[in-house]
Amino acid sequence: MHLSAVLVLLIANIGLADPDPGMGLADPDPGSKPKKKTGNWKKPEFDETLPDNITVMEGDTASLPCVVSRLRGRSVSWIRQSDLHVISANELTFTSDDRFRVIIDNLTSSFALEVISALRNDSGVYECQVNTRPKLSRPITLNVQVPAAKIQGPSELYIKSGSTLVISCTALLHPDAVSTVDWLHNQTKLSIAGPRGGVSIHTEKAGQLVSSKLSVGKAVSRDAGNYTCQPDSVHPASISVFIVEDEFPAAMHHESSCHSLDVSRGLLVALLLINAALLTAR
């Protein structure tokens, strides 16, 4: 860090003591009347009507507002709370990440911190700080959301052979994203006009929320496998589908029976221990 930047940081962190409204320069004329205390001095104040919780999609520009009145030459800094890193002091920035910049409007006393192409790791609390003594600060929480698809239900789906396979998927899209959703079966794109008949895909968009439903009629064993919901510019979601001849596969019956047996054994052991403790207490 350059020497000038270090000096600015020191000045920003030393702070200016709040003046006593009655203090002033010594009267050169000892015989004159003492001046009356005005008591008009007021400390700097943040505009608390501005939002303190900002949410953006990953890749968007995040703007964290900070407006301070009655600064009277004091320094305004931005601090990242997670590691106490000083991002800026007035118009100077102290980070090698050029995505961070401060937009200053002297007319409104605004010191907005901008994060260009925000990343998920940028999420956290940032403090707009004024170097009074004690320091004044206003925390702003930044939430960077990563668009991701979500398939309703468990990650594994068992359906009976001959029945209709139905999978539903939702996702929050980036405002500039296309509202298309691709469905893949074992990495092969599904289509209503594909060789496998009986496939239907219904997709709707409401604002930034997109929902899509895949239906595959008269499922057979070759329809088993991995199904992926892939909206535009969004992390995909997948589900494993098993086609079984019975309503409940034997493997599931076996797991259920083993689980019930383990629970019964555990209860029996617990009862025996309680009984032994009661006998000992007598």
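Refer to the structure above for everything that follows.
Residues numbered from 1 in each chain as written. Predicted model: local features only at pLDDT ≥ 70, side-chain atom pairs only at ≥ 80, totals over all residues. Heavy atoms only, no water.

Participant: Would you mind going over the pattern of salt bridges with me for this structure?
Facilitator: Once the charged atoms of two side chains with opposite charge are near each other, the side chains can pair. Tallying each qualifying case throughout the model produces eight salt bridges. Among the ionic pairs, Arg-80 bridges to Asp-83, the shortest N-O distance being 3.0 Å. In this structure Asp-83 comes out as partly exposed when scored by relative accessible area, which is 44%. Where Asp-122 meets Arg-99, a salt bridge forms, and the shortest distance between an N and an O atom there is 2.8 Å. Note that Asp-122 is positioned in the loop between strand S10 (110-115) and strand S11 (124-130) and Arg-99 in the loop between strand S8 (92-93) and strand S9 (100-105), a separation of 23 residues in sequence. The network of salt bridges with common partners includes Asp-97, Arg-99 and Asp-122. (Salt bridge = Lys/Arg side-chain N within 4 Å of Asp/Glu carboxyl O. Buried < 20%, exposed > 50% of the residue type's maximum accessible area, 1.4 Å probe, protein only. Helix = DSSP H or I, 4+ residues; strand = E, 2+ residues; numbered from the N terminus.)

Participant: I keep staring at the environment of Cys-66 and nothing clicks. Help me out?
Facilitator: Following the sequence through the fold, Cys-66 ends up in the loop between strand S4 (62-64) and strand S5 (68-69). For Cys-66, a relative accessible area of 2% corresponds to the buried category. Between the C-alpha atom of Cys-66 and that of Glu-48, which follows or precedes it by 18 residues, the distance is 9.0 Å. In contact with Cys-66, not counting residues within four places along its chain, are Phe-46, Leu-50, Trp-78, Ser-109, Ser-110, Phe-111, Ala-112 and Cys-128. (Contact = heavy atoms within 4.5 Å.)

Participant: Sorry if this is basic, but what is going on with the sheet that holds S10 here?
Facilitator: In any sheet, the strands associate via hydrogen bonds between backbone groups, in a parallel or an antiparallel arrangement. Ordered by their spatial adjacency, three strands build an open sheet running S4-S10-S9, and the pairing between neighbours is antiparallel. A single partner strand is all that each edge strand has here, and the edge strands are S4 and S9. Within this sheet the neighbouring strands show an average axis-to-axis angle of 25°, counted without direction. Pairing of S9 with S10, which is carried by six bridges, proceeds in the antiparallel orientation. Of the residues in S10, the one forming a bridge with Phe-100 is Val-115. (Pairing = 2+ DSSP bridges. Axes fitted to C-alpha atoms, helices over the stretch in contact; angles between N-to-C directions.)

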